[in-house]
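Residues per chain are reported as follows:
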Protein chains: 2
Amino acid sequence: MLGMIMDYPLTITCLLERARRLYAGKEIATKTEGGRHCYRYADLYERVCRLANALRELGVRPGDRVGTFAWNTYRHLEVYFAVPCSGAVVHTLNVRLGGDQLAYVIGHAANRVLFVDESLLPLLEPLREQLPTVRAYVVMGDGPLPDTPLRPVLRYEDLLAAASPAYAWPTLDERSACGMCYTSGTTGHPKGVVYSHRGMYLHSLMLTSADVMAICERDVVLPVVPMFHANCWGLPYAAAMVGAKQVFAGRFTQPPDLARLLQDEQVTLTSGVPTIWISLLPYLQEHPHDLSRIRMIVSGGSAVPPSLFTAYDALGLRIVHAWGMTEMSPVGVLGHLRSDMLGWRPDEQLGTRAKQGYPVPVVEVRAVDDQGREVPWDGRSLGELQVRGPCVTSGYYEDERSAAAFDDGWFRTGDVASIDAHGYIQIADRVKDLVKSGGEWISSVDLESAIMGHPKVLEAAVIAVPHERWQERPLACVVPRPEAKGSLTAEEIVDYLRPRFPRWWLPDAVVFLDAMPKTGVGKFDKKALRAHFRDFQLA
Amino acid sequence: MLGMIMDYPLTITCLLERARRLYAGKEIATKTEGGRHCYRYADLYERVCRLANALRELGVRPGDRVGTFAWNTYRHLEVYFAVPCSGAVVHTLNVRLGGDQLAYVIGHAANRVLFVDESLLPLLEPLREQLPTVRAYVVMGDGPLPDTPLRPVLRYEDLLAAASPAYAWPTLDERSACGMCYTSGTTGHPKGVVYSHRGMYLHSLMLTSADVMAICERDVVLPVVPMFHANCWGLPYAAAMVGAKQVFAGRFTQPPDLARLLQDEQVTLTSGVPTIWISLLPYLQEHPHDLSRIRMIVSGGSAVPPSLFTAYDALGLRIVHAWGMTEMSPVGVLGHLRSDMLGWRPDEQLGTRAKQGYPVPVVEVRAVDDQGREVPWDGRSLGELQVRGPCVTSGYYEDERSAAAFDDGWFRTGDVASIDAHGYIQIADRVKDLVKSGGEWISSVDLESAIMGHPKVLEAAVIAVPHERWQERPLACVVPRPEAKGSLTAEEIVDYLRPRFPRWWLPDAVVFLDAMPKTGVGKFDKKALRAHFRDFQLA
């Protein structure tokens, strides 16, 4: 017997129409070169309609892929809505990808049109001969069309000016594709994730849930995470659903710009990878800002060192740990404390906050051992983390690696984790980043987090290097704080770790770097480190 | 092009499993005869599994309807989960329905099994010859099976004790029916609404949204609204999704019991119809309780008089207006103030709080005039309120009145309302309750709310009575506060209204009643009033 409830599709169009009807007067602010752009949801809506008409003029048809190559701005937000609501698929390109990978993903997704920030044209122009699927480049900028060899090339503002502000949104199947994002694997080409309207709607509603991010109308949301990184963690859509003010930093995410923007726009919720908060911290300590409106800093993408929680706590700023994946739309777990933990000692609370968190309402988790058995939720047993839910990928776009990514309907995350009795997961490592020493596992993440607690350390990464007797042993790669450069020694690091870990976990060597190599989304690039230290000889 | 996202059904089973995995230790408390029952979600889960096995033993098959005739208790909650999660349909019967209507809905829904509170047996026993579809009665109580002529009759606790605590939940189509609830129309038999798993899942997630009820793990939720009234407004399912502590009042909802329970269980969120809060107010004023944990009192079902907001504000208790319908799963709009209203004067804020509120994320609204045109959102223009969304009914169960209930895919609520620029709706009246005087409309709700602001008035209802010249004119039916009985005059009422309304809105007559007739769900029963005053002669 079926329920008798409307067959009402869950689509991004619902969010857009809701923002227009209920929140027309709420603001969307963008930092620009030396200035600020600000308009309202009513303006967004009109320009999104114009853009949808322009897309039709450009020959974009339902299901066609439209790429963006852009920083976080109101124009990027317009593309976020106009493309999926008109039935096409917005493919956000990572501006930090290498040229060959970029050309691969544009071609693999068969992008028809690319929307490009004027400031990013130099990154795209050298690839123009490798992009046969692209039929038009649209340049997003304030000035006249710059000189560029890209062809055919159009100016975003001209397109909008020429288009009608009236558009009748099509009725969409909620399972339709709304967006794409490619994720870099350890080997081979990036893999494409194809999001659905339904998944994105559910993800948005989930982010507004009180125990998740509780995004609400009174919020001012500044995603530092790029809009090309996994739907900007879902924040732009969720903010539109509840009419939160949105703030975009453009390409200005250095500490002075960011601190100023957080203060001046009275931001209440912000999000980004730990490297952002690591680099912002010393600046805030030296240059006090009034950030008292901030109620939550969401940090995800890699593990947050416990020392970072404490340092921000001291500034009255609360970091909340989150974990997710491009393949999950992306938010999976969040590290709020629960009611029965509020009476715990501060160090116990910190221990739980430093875990990644427990599953959000639309996500199920389990950890599975080598024999395919689910491991108990005891906070100790390690297994590969697997997830499922209505926002989780069912396979990669036209990619034969899809088959290996699933286990009985669960998506294999490639992370090794424990789950405690409350459901908090703790990522021990990527499967591939574990140091396998003499048949035992050493968590590179645990070592890194501890090293980053040393007062003279800015950043640290631990990788496995080959070892004759133990197969692999840990090597610590450390970037000292500027004032400690040249004075920090390997012995200090190892002495600092000694009381915290079993003796056989201690790194066999410590190397000091001037800067940590980072991936396109700002994570520590262990692939690069491993390549660099492939032939490293342990003493 | 379809998205590549898991085809993961949204079901009540997800909520149940989530509660078990993440919130096993959280409490569910029920007030009992002279005591308190308290157990944990882990216990709930085990008993729900036992009950699902018992249902199978009773011959309940997927799609079968299983009735409940019960107050709010942990046992009722067990049925709320075991029936739909095992694939059957839980049909909550209104214990205040008249015998004939009760027999009608049990037969119309073809209930196979009825779960009955021991204390309610006397209401059901006289109907036993009229219930041919019922194959078993299960009595929920603490003692031995009482004497009853119902056959076959079983004891709830015996069934559970005999059943296995292991049960493998079936995979369900998310569109499957999960529940039924009948709503009383103005004429004819009650109409059956059939809920779906998907709708109930979305409704639950929506209730946890920060701008709706923000139900979260730290909450203690006490629904005063009966569990037989429109899914208890969705609270039990939403609370399970986020692991909130749940508190049930059993049949003890009189002011002294309620005040005590709210205080002792440290309730943070409670909900009920205005009559509950009207009757609780004088008790709280005379008997102070520590209700400082309450963050929200949700009031819905009929309009909240502005004076009630103010009186509760004075106690430090915040009433939030809500509106919905059985046909909407049921929550439709909620009356939180928005960020740009926080600087308003108190009387302006009160004016907006006294409206019903603006649409929750899964609901769209419009108001349509006599000519079928959508009226502007200007806060003045009246039209029939229409709604649509993924939790809204698509028709009544086996009922030819379904056809008239829709307008181009929108559900016709039967309410006349205005919508303001912010999207706040204000219900002027039921279409049938409007007083049509000389071609103009008079809102009975506005008059009632104003009369209830008079310090000597406890309750008031306004109905139309026939008038030779004006077709209809308003008659005010007023219940004075006990201390004003006999001393309050019609002139006082009309004088009180005079500065607030156009002269032609003023009631032509005022009658005083000892008590207000109420419907099965506690609303003022205007049908009864209209019948009683059908031949009333205006002076």
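Residues numbered from 1 in each chain as written. Chains lettered and ligands numbered in written order. Predicted model: local features only at pLDDT ≥ 70, side-chain atom pairs only at ≥ 80, totals over all residues. Heavy atoms only, no water.

Comments concerning the overall build of chain A
The helix and strand tally for chain A stands at 15 helices and 26 strands. Its C-alpha atoms give chain A a radius of gyration of 23 Å, near enough to 24 Å, the size a compact globule of 539 residues would have. Based on the C-alpha atoms only, the size of chain A along its principal axes is roughly 70 × 65 × 50 Å. The long-range fraction of contacts in chain A, counting pairs at least 24 apart against all pairs at least 6 apart in sequence, stands at 67%. Surface summary for chain A: the accessible area is close to 20,000 Å², and the carbon and sulfur share equals 50%. (Helix = DSSP H or I, 4+ residues; strand = E, 2+ residues; numbered from the N terminus. Rg over C-alpha atoms; globule rule 2.2 N^0.38 Å. Contact = heavy atoms within 4.5 Å. Areas by Shrake-Rupley, 256 points an atom, 1.4 Å probe, with all protein chains shown as cover.)

Here we look at the sheet that holds strand S10 (residues 220-223) of chain A
Residues and elements named next belong to chain A. Read from one edge to the other, the open sheet built from 9 strands follows the order S2-S1-S11-S10-S12-S13-S14-S15-S16, with strand pairing classed as mixed. Two strands bound the open sheet, and with one partner strand each, they are strand S2 (35-40) and strand S16 (358-359). Bridge analysis of strand S1 (residues 27-32) against S2 gives 6 bridges, and the strand direction is antiparallel. Each residue of the ladder has a partner; that of isoleucine 28, found in S2, is tyrosine 39. Contacts from helix H9 (residues 255-264) reach S1, S10, strand S11 (245-248) and strand S12 (269-272), with the element oriented near 165° to S10. (Pairing = 2+ DSSP bridges. Axes fitted to C-alpha atoms, helices over the stretch in contact; angles between N-to-C directions.)

Structural notes on the packing of aromatic side chains
On inspection of all chains with the given rule, the structure shows 24 aromatic pairs over all chains. Three or more aromatic residues link up through ring pairs in this structure, and these residues are A:Tyr23, B:Tyr358 and B:Tyr424. It is A:Lys31 that lies over the ring of A:Phe252; its NZ or CZ is 5.3 Å from the centre. One cation-aromatic arrangement involves A:Arg500 over A:Tyr496; the distance from NZ or CZ to the ring centre is 4.0 Å. (Phe/Tyr/Trp six-rings, centres within 6.5 Å; stacked < 30°, edge-to-face > 60°. Lys NZ or Arg CZ within 6 Å of the ring centre and 35° of its normal.)

Some details on the pairing of strand S18 (residues 383-388) of chain A
Residue and element names in this part refer to chain A. Extensive coverage of S18 is indicated by the burial of 5 of its 6 residues. Pairing of strand S17 (residues 364-368) with S18 involves 5 bridges; the strand directions are antiparallel. Within S18, the position partnered with alanine 367 by the bridge is leucine 385. Looking at chain direction, S18 and strand S20 (residues 410-419) are connected through 4 bridges and run antiparallel. Across the sheet, the residue bridging to glycine 383 is alanine 417, located in S20. (Buried < 20%, exposed > 50% of the residue type's maximum accessible area, 1.4 Å probe, protein only.)

Some words on helix H13 (residues 444-451) of chain A
With 7 of 8 residues buried, H13(A) is to be regarded as a mostly interior element. Buried within H13(A) we find A:Ser444, A:Val445, A:Leu447, A:Glu448, A:Ser449, A:Ala450 and A:Ile451.

Observations concerning the interface of chain B and chain A
Tallying the contact residues gives 73 residues for chain B and 73 residues for chain A. In terms of surface lost to chain A, no three residues of chain B exceed B:Met1, B:Met4 and B:Met6, which account for 15% of the buried area on that side. Viewed at the interface, chain A and chain B are joined by 4 salt bridges. Here B:Glu174 makes a salt bridge to A:Arg198, at a shortest N to O gap of 2.6 Å. Contributions of two or more residues to the side of chain B that touches chain A are made by helix H1 (12-22), strand S8 (177-183), strand S9 (191-196), helix H7 (197-207), helix H8 (235-242), strand S16 (358-359), strand S18 (383-388) and strand S20 (410-419) of chain B. For the side of chain B that touches chain A, the element with the most residues is H7(B), which contributes 5 residues. Of the residues belonging to the side of chain B that touches chain A, the class tally is 43 nonpolar, 15 polar and 15 charged. (Buried area = accessible area lost by both parts, 1.4 Å probe. Salt bridge = Lys/Arg side-chain N within 4 Å of Asp/Glu carboxyl O. Nonpolar A, V, L, I, M, F, W, Y, C, P; charged D, E, K, R; others polar.)

Brief notes about the domain arrangement of chain A
Residues and elements named next belong to chain A. Assigned domains of chain A: these are domain 1 (12-252) and domain 2 (434-532). The distance between the C-alpha centroids of domain 1 and domain 2 comes to 38 Å. With 6 residues of domain 1 at the interface, the matching set in domain 2 holds 5 residues. Linking domain 1 with domain 2 are 0 salt bridges. Its residues assigned to classes, the side of domain 1 that touches domain 2 shows 1 nonpolar, 4 polar and 1 charged. (Domains from an automatic or database assignment.)

Some points on the pattern of salt bridges
All names here are of chain A. Under the definition given, this model contains 73 salt bridges over all chains. As a salt-bridge pair, arginine 155 and aspartate 158 come within 2.6 Å of each other at their nearest N and O atoms. Judged by its relative accessible area of 18%, arginine 155 is buried. Judged by relative accessible area, aspartate 158 falls into the partly exposed class, the value being 43%. Glutamate 364 is the partner of arginine 388 in a salt bridge, and the nearest nitrogen-oxygen pair spans 3.1 Å. Residue arginine 388 is located in strand S18, and its partner glutamate 364 is located in strand S17; the two are separated by 24 residues in the primary sequence. The class for glutamate 364 is partly exposed, based on a relative accessible area of 25%. Via salt bridges that share partners, Arg47, Arg75, Glu78, Asp142 and Glu157 belong to a single interconnected network.

A look at helix H1 (residues 12-23) of chain A
Over its 12 residues, H1(A) runs 16 Å from end to end, which matches the ideal 16 Å to within 8%, given 1.5 Å per residue. Buried within H1(A) are the following residues: A:Ile12, A:Thr13, A:Cys14, A:Leu15, A:Leu16, A:Glu17, A:Arg18, A:Ala19, A:Leu22 and A:Tyr23. Buried residues along H1(A) sit in contact with helix H2 (41-57), helix H3 (74-85), strand S8 (177-183), helix H7 (197-207) and helix H8 (235-242) of chain A together with S16 of chain B. (Expected span 1.5 Å × (residues − 1).)

Section: the relation of the copies chain B and chain A
With an RMSD of 0.1 Å, the operation that places chain B on chain A is a rotation of 180° combined with a shift of 0.0 Å along the axis. This pairing of chains is accounted for by a two-fold axis. Among all residues of chain B, the one whose C-alpha sits closest to the rotation axis is B:Ser209, at a distance of 2.0 Å. (Least-squares fit on C-alpha atoms with pLDDT ≥ 70 in both.)

Remarks on the sheet that holds S9(B)
All names here are of chain B. With mixed pairing, the 7 strands of this open sheet are ordered in space as S7-S6-S5-S3-S4-S8-S9. Here the strands that pair on one side only, and so sit at the sheet edges, are strand S7 (153-155) and S9. Averaged over all pairs of adjacent strands, the angle between strand axes in this sheet comes to 25°, irrespective of strand direction. Each of S8 and S9 touches H7; the most contacted strand, S9, lies at about 75° to it.

Focus on the environment of A:Leu93
All names here are of chain A. Summarising the element assignment, leucine 93 is placed in the loop between strand S4 (89-92) and helix H4 (99-108). As for leucine 93 and valine 79, which are separated by 14 residues in sequence, their C-alpha atoms are 13 Å apart. Excluding anything up to four places from it in sequence, leucine 93 contacts Thr68, Phe69, Leu102, Val105, Ile106, Asn111, Leu114 and Phe228.

With respect to the side chain of A:Arg353
Residues and elements named next belong to chain A. Locating arginine 353 in the fold gives a position in helix H12 (residues 346-353). A residue is classified by how much of its surface remains accessible, and arginine 353, at 5% relative accessible area, is buried. One polar contact links arginine 353 to aspartate 313, side chain to side chain, over a distance of 2.8 Å. Not counting residues within four places of it along the chain, the set of residues in contact with arginine 353 comprises Phe309, Asp313, Arg318, Ile319, His321, Gly335 and Leu337. (Polar contact = N/O pair within 3.5 Å; in protein donor to acceptor, adjacent residues only side chain to side chain.)

A word on the packing of helix H3 (residues 74-85) of chain B against H8(B)
All names here are of chain B. Relative to each other, H3 and H8 sit at 80°, their axes nearing to 10 Å. Taken together, the axes of H3 and H8 lie roughly perpendicular to each other. Listed contacts from H8 to Leu77, Tyr80, Phe81 and Pro84 of H3 are Pro236, Tyr237 and Ala240. Along the lines of polarity and charge, the residues of the contact of H3 with H8 split into 7 nonpolar, no polar and no charged. (Parallel < 35°, antiparallel > 145°, perpendicular 65-115°, else oblique.)

Focus on the side chain of A:Glu125
All names here are of chain A. For glutamate 125, the location among the structural elements is in the loop between helix H5 (121-124) and strand S6 (136-140). No salt bridge is formed by the buried glutamate 125, whose closest oppositely charged neighbour, arginine 128, lies at an N-O distance of 6.3 Å. Only 2.8 Å separates the side chain of glutamate 125 from the side chain of threonine 148, close enough to count as a polar contact. Ignoring anything within four residues of it in the chain, the contact list for glutamate 125 reads Asp147, Thr148, Pro149 and Leu150. (Lys, Arg positive; Asp, Glu negative; His and termini not counted.)

A look at the environment of A:Ala515
Position of A:Ala515 relative to the elements: it lies in the loop between strand S26 (509-512) and helix H15 (526-532). Once the C-alpha coordinates of A:Ala515 and A:Ala460 are considered, the two residues, 55 residues apart in sequence, prove to be 9.9 Å apart.

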